[in-house]
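# Close look at the chain arrangement
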Amino acid sequence: MNVVSNLIKKIIVELRQGFLLFGSPLDIFIMLLDVFVTTCLFYFILKLLSETRAWQLLKGVVFLIICGQIFSLLGLQAISFLLNSALSFLAITLLVLFQPELRKALETLGRNTLSFSQTLPFDSKDGNVEIYAAISAIKLACAQMSSEYTGALILIERQTKLGEIIEKGQSVILNASLSATMLEQIFYKGSPLHDGACVIRGNKIYAARCHVPLSGSTRLNRNYGTRHRAAISASEISDAIAIVCSEEQGSISVAVDGNLIKVKDAQVLAHVLQRFLVPNTVKNKEKKTLWQELKSYFNKQFELNADVLDDFVKATPSQDDGKDGEKQTTVLAVAENSANLNGYTSSQTVKANSKLRKKWGQTRTGIQVTAFVLAAFVWLYVQATTNVVSSKRFYDVKFMILNQEEVDKYELDYRLSAWQTDVVIQARERNLRGINSSDIQAQLDFANLKEEDKAKLQRLSETNKTPVKVNLQVKINVTDKPYYSYRITSANPVNVEVTFWPILQKNAAGTNEAAPVPSKSEKSKYN
Ligand SMILES: Nc1ncnc2c1ncn2[C@@H]1O[C@H](COP(=O)(O)OP(=O)(O)OP(=O)(O)O)[C@@H](O)[C@H]1O
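Reading the values: rules and limits
Residues numbered from 1 in each chain as written. Predicted model: local features only at pLDDT ≥ 70, side-chain atom pairs only at ≥ 80, totals over all residues. Heavy atoms only, no water. Core = buried A, V, L, I, M, F, W, Y, C linked by side-chain atoms within 4.5 Å. Buried < 20%, exposed > 50% of the residue type's maximum accessible area, 1.4 Å probe, protein only. Contact = heavy atoms within 4.5 Å. Salt bridge = Lys/Arg side-chain N within 4 Å of Asp/Glu carboxyl O. Helix = DSSP H or I, 4+ residues; strand = E, 2+ residues; numbered from the N terminus. Near = heavy atom within 4 Å. Polar contact = N/O pair within 3.5 Å; in protein donor to acceptor, adjacent residues only side chain to side chain. Areas by Shrake-Rupley, 256 points an atom, 1.4 Å probe, with all protein chains shown as cover. Pairing = 2+ DSSP bridges. Axes fitted to C-alpha atoms, helices over the stretch in contact; angles between N-to-C directions. UniProt positions renumbered as here; feature names shortened; annotations may be inferred. Phe/Tyr/Trp six-rings, centres within 6.5 Å; stacked < 30°, edge-to-face > 60°. Parallel < 35°, antiparallel > 145°, perpendicular 65-115°, else oblique. Left-handed = near helix turned anticlockwise from the far one by under 90°. Nonpolar A, V, L, I, M, F, W, Y, C, P; charged D, E, K, R; others polar.

### Thoughts on the nonpolar core
The nonpolar side chains of a soluble globular protein tend to be buried, and buried together. Ranked by internal contacts, the top residues of the largest apolar core, which has 38 residues, are Ile-138, Ile-154, Leu-183, Ile-243, Leu-269 and Leu-273. Beyond its immediate stretch of four places on either side in the chain, Ile-243 contacts Ile-138, Cys-142, Ala-152, Leu-153, Ile-154, Ile-156, Ile-252, Ser-253, Leu-269 and Leu-273. Within the second largest apolar cluster, 32 residues are counted, among which are Ala-442, Leu-444, Val-470 and Ile-476.

What follows is the structure in structure tokens.
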């Protein structure tokens, strides 16, 4: 909590000083890019987390931080202390409690980072043909098995390998060609392979008799047994699509991402599979631009997670296709962590074009705004802590006289009130390190003399009378450093008094000496 308060204080100080946007147009562009990239990162993380139970906890933590800030502002020390301690404890428990969710989120990240498509890993160049052949085989087998009330559990492996399931227990590696007959043979009641799940990898039936570890975290109706639960579990621990043919009801169901939906028949099943396996079948058949590709890449997170139920529904034919008024899809189980609990409940029939109702914080805009706010906050923090602006004092910087000829023409002599100055420069620390005393120029430019002063000098040169005093401002710059990378915050002296007198008078007075340089004790005033 203290960290948060300190951070806010630091940011306010930096904002007050106006140094946050210190730099060239290029620096500002880089800063904006920095905020943009950080926003994307936060967007990605928040989107992944918004599909998990960790989201609720995250909201709780934010609430506690806000309360803590309010309490500490009000000076309520006891409650601030308690909240502070609770937050430190929560930071550790968060990692332990939500290890499965975080693991899943990272897996999703890995999947989407390495591949832009969510298709089956088909070998052939013309993957789509093979996918359609596979879908057709599965459709035929499921139609047959459901009509005969043969129980089956088919897992279609996608990006996440199902090695953990395949290599365990009594599973049998088949690596057989995928065909409807083969599937029916496997799940035929008398077959030694019918128990458990079969895994489809690419265009092969890779393994049979696989046992899926049950998670038990679903809201499945009691009428459904372990086969359906196994389907949900398999879709929870991976991005596999699980198809269940029910032995008791003769129905067909599909599970994706922890959600289970009963489809009307094998034809609807084929539509669903096409939606998930064939790239760009439903959405966009045209060639995408890079921007569209990037957008769909980000959107895909939602397609595969939060919007997965919507996808199920979209994947089915229009509601009117059910001539006898029968429902095309029935949601049997919604993943416990699903963002869609507001939109769908278990065993609720969903209309084909229904829209999901999500809380604002979980909508794309909500997450985008939150991600931007977080990124801006982190950026401000980094500016205030690591990319710090500090100042450095340089002593005895000698004046450089410019345009001497401007006074030579009057044939006068002059004396300066000082020949050197102390300069304080402010810059980003890394820039400041590169500045030495020798890089600083303190210029006295006689070209800056005012017209009235010039007139006085003219009169003096003609009359040879009382000496004339004029003020000149010292101009300071750092050689080899662009003007926007530093600021001169003070110079002492910043104005120099120049006393002019006729050359003859000077010789008489013998005063052609430099004004005294500030003594050490005087210098210490500026430290
Ligand atoms: N963890 C599992 N992994 C793979 N297969 C499983 C698992 N648990 C059960 N099964 C399969 O499901 C069968 C038991 O089905 P059960 O009747 O309990 O489920 P169900 O969901 O009611 O399905 P059905 O409607 O077909 O009866 C088992 O014989 C086995 O083949």
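Moving on from the model shown.
### Quick notes on the pattern of salt bridges
Within this structure, the stated rule accounts for seven salt bridges. Residue Lys-161 pairs with Glu-157 through a salt bridge whose shortest N-O separation is 3.7 Å. Assessed through its relative accessible area of 48%, Lys-161 is described here as partly exposed. The class for Glu-157 is buried, based on a relative accessible area of 0%. Ionic pairing is found between Glu-451 and Lys-454, a salt bridge with its closest N-O pair at 3.6 Å. Separated by three residues within a single helix, Glu-451 and Lys-454 lie in helix H16 (residues 451-463), roughly one turn from each other. Among the charged side chains, a salt-bridge network with shared partners connects Glu-157, Lys-161 and Arg-201.

### A word on the environment of Ser-391
Mapped onto the elements of the fold, Ser-391 is located in strand E9 (residues 389-402). Sequence spacing of Ser-391 and Ile-488 is 97 residues, and the spatial spacing of their C-alpha atoms is 9.2 Å.

### Quick notes on unusual backbone geometry
Here the residue pair Asn-492 and Pro-493 is connected by a cis peptide bond, since its omega of 0 degrees sits within 30 degrees of zero. Mapped onto the fold, Pro-493 is located in the loop between strand E15 (486-492) and strand E16 (495-502). Backbone geometry at Asn-175 places phi at a positive 50 degrees, although glycine is not the residue there. Looking at where Asn-175 falls in the secondary structure, it is placed in strand E2 (residues 172-177).

### Looking at the site of the ligand
In the vicinity of the ligand lie 18 residues, with Asp-195, Thr-226, His-228, Ser-246 and Glu-247 positioned nearest. With respect to the ligand, the side chain of His-228 contributes an N or O atom lying 2.7 Å from an oxygen atom. At 2.5 Å, a side-chain N or O of Ser-246 approaches an oxygen atom of the ligand. Protein coverage of the free-state accessible area of the ligand, which is 630 Å², stands at 81%.

### Some details on the sheet that holds strand E10 (residues 412-416)
Consider a sheet: its strands pair through backbone hydrogen bonds, and that pairing is either parallel or antiparallel. The strand order across the open sheet formed by three strands is E10-E16-E13, and the pairing between neighbours is antiparallel. With partners counted over all chains shown, the strands left at the sheet margins are E10 and strand E13 (468-473), one partner each. Between one strand axis and the next, the sheet turns by 30 degrees as a mean value, whatever way the strands run. Examined bridge by bridge, E13 and E16 share six bridges and lie antiparallel to one another. Bridge pairing in E16 places Leu-472 opposite Val-496.

### With respect to the UniProt feature "transmembrane region" (unreviewed entry) in the chain
On the UniProt side, "transmembrane region" (unreviewed entry) is annotated at positions that read residues 28-45 and 57-75 here. This span, residues 28-45, is 100% helix and 0% strand, and a straight line between its end C-alpha atoms measures 26 Å. Taken end to end, residues 57-75 comprises 95% helix and 0% strand; its first and last C-alpha atoms sit 26 Å apart.

### With respect to the packing of aromatic side chains
A full pass over the atoms with the stated rule returns three aromatic pairs. A ring pair is formed by Tyr-414 and Phe-446, whose centres lie 5.2 Å apart and whose planes are at 65 degrees; its orientation type is edge-to-face. Residue Tyr-414 is found in strand E10, and its partner Phe-446 is found in the loop between strand E12 (440-445) and H16; the two are separated by 32 residues along the sequence. Overall, Phe-446 belongs to the buried group, its relative accessible area being 0%. Judged by centre distance (5.7 Å) and plane angle (50 degrees), the ring pair of Tyr-414 and Phe-500 falls under tilted.

### Digging into the packing of helix H2 (residues 25-49) against helix H13 (residues 364-385)
The N-to-C vectors of H2 and H13 enclose an angle of 130 degrees; their axes lie 8 Å apart at closest approach. When the interaxial angle is binned, H2 and H13 end up oblique. For the crossing formed where H2 meets H13, the hand is right-handed. Contact residues: Met-31, Asp-34, Val-35, Thr-38, Thr-39, Phe-42, Tyr-43, Leu-46 and Lys-47 in H2; Arg-364, Ile-367, Gln-368, Thr-370, Ala-371, Phe-372, Leu-374, Ala-375, Val-378 and Trp-379 in H13. Tallied by class, residues from the contact of H2 with H13 come to 12 nonpolar, four polar and three charged.

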